Amino acid sequence: LGAHASAFAVEWIAACESSNTELLGRDLPGDERLHVLVVDRQLAGRGRRGREWQSFDGGSLTFSVQWRLPPAGTAPQGLSLVVGLAVARALEDSGVSGVQLKWPNDVLVHGRKIAGILIELVARQGRTAAAVIGIGINLRLPEGVRIPGQAAVTDLRHELGDGAPDRAGLLAAILSQLRGLLETYAAAGFGALRGAWEQRNAFADLPVRISGDAGSACGACIGVDDDGALLLHTEQGARRILSGDVSLRPM
Ligand code: ATP
């Protein structure tokens, strides 16, 4: 994978149900901070709240990264936004234009979903010790595929044609971005990356509806704060929405 990815231990396997599930059960050796597990065929990829992430043989890049949190103990606020930014920048470095981020965890190209991110936390001795970061990217979707719940999807091949990087090339580009951004995030928090995220906000100043277990809210999307929470301008005034299991939809 070249020098950029050298700080990662990278493991590549032929098949598994879910790369996140595989890594959730792992305890990294003492000197390892980041462990990457790439899977050729993911058989039962997961999204948030029991939703499904669909992978296609030879047409998807699917991997997970276990990141040992420095320091352990606190929930990593805004991490899914940092990961989205790493994927967005890697796609841009590969030549994709129109890359946008949809709070809290999707990567779009001109409004079409190209990648999904699932972050799950690992607790050890009652403390949050690590995050497992799952990333799935569409490289080449089957002709005419329909994905339930998604009006518009895209893939790298559609965006770049023959110039699209191969799986190893795209993986190296993402890991390189991720390594740098996680360092910044660990040192300075999400606030240091907020501007870069907001530049790519797919719904900046647009009306959106947020829904989740705690109810729903509608308003104009103002941006995000230093914790990665979404800021909405509603009829009742400003609202701050923490990125739990909530979904955002355009209105
Ligand atoms: P949404 O994009 O609907 O807001 P979400 O962010 O709330 O989704 P996630 O857990 O991130 O939910 O992603 C799961 C959803 O992604 C699935 O419900 C499905 O609609 C969509 N999806 C699944 N596989 C793919 C894929 N290969 N490409 C694009 N979208 C997919």
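Report on the accompanying structure. (Residues numbered from 1 in each chain as written. Predicted model: local features only at pLDDT ≥ 70, side-chain atom pairs only at ≥ 80, totals over all residues. Heavy atoms only, no water.)

Time to look at the packing of aromatic side chains. Within the structure shown, the criterion is met by 1 aromatic pair. Summarising the aromatic geometry, the rings of W67 and Y185 are spaced 6.1 Å apart at their centres and angled 45° between planes, so their arrangement reads as tilted. Of the two residues, W67 sits in strand β5 (residues 60-68) while Y185 sits in helix α4 (residues 167-188), which places them 118 residues apart along the sequence. (Phe/Tyr/Trp six-rings, centres within 6.5 Å; stacked < 30°, edge-to-face > 60°. Helix = DSSP H or I, 4+ residues; strand = E, 2+ residues; numbered from the N terminus.)

To continue, consider helix α2 (residues 79-93). Given a rise of 1.5 Å per residue, 15 residues ought to cover 21 Å, and the 21 Å separating the end C-alpha atoms of α2 matches this to within 8%. With 12 of 15 residues buried, α2 lies mostly within the body of the structure. For α2, every residue scored as buried is listed here: L79, S80, L81, V82, V83, G84, L85, A86, V87, A88, A90 and L91. The positive-phi residue at the C-terminal boundary of α2 is G95, with phi of around 105°. (Expected span 1.5 Å × (residues − 1). Buried < 20%, exposed > 50% of the residue type's maximum accessible area, 1.4 Å probe, protein only.)

So, about the site of the ligand. The ligand sits among 18 residues. The nearest are R48, R51, K102, D106 and R249. P148 places a main-chain nitrogen or oxygen 2.8 Å from an oxygen atom of the ligand. Alone, the ligand offers 610 Å² of accessible surface; in the complex the protein occludes 95% of this. Contributions of two or more residues to the shell around the ligand are made by β4 (52-53) and β14 (247-250). (Near = heavy atom within 4 Å. Polar contact = N/O pair within 3.5 Å; in protein donor to acceptor, adjacent residues only side chain to side chain. Areas by Shrake-Rupley, 256 points an atom, 1.4 Å probe, with all protein chains shown as cover.)

Moving on: the side chain of S18. Looking at the secondary structure, you find S18 in the loop between β1 (9-16) and α1 (19-24). Take S18: its relative accessible area is 3%, and that puts it in the buried class. At 3.3 Å, the side chain of S18 forms a polar contact with the backbone nitrogen of N20. Within the structure, S18 has its side chain in polar contact with the side chain of T21 (distance 3.0 Å). For S18, the residues in contact, after removing those within four places along its chain, are Q42, A44 and R46. (Contact = heavy atoms within 4.5 Å.)

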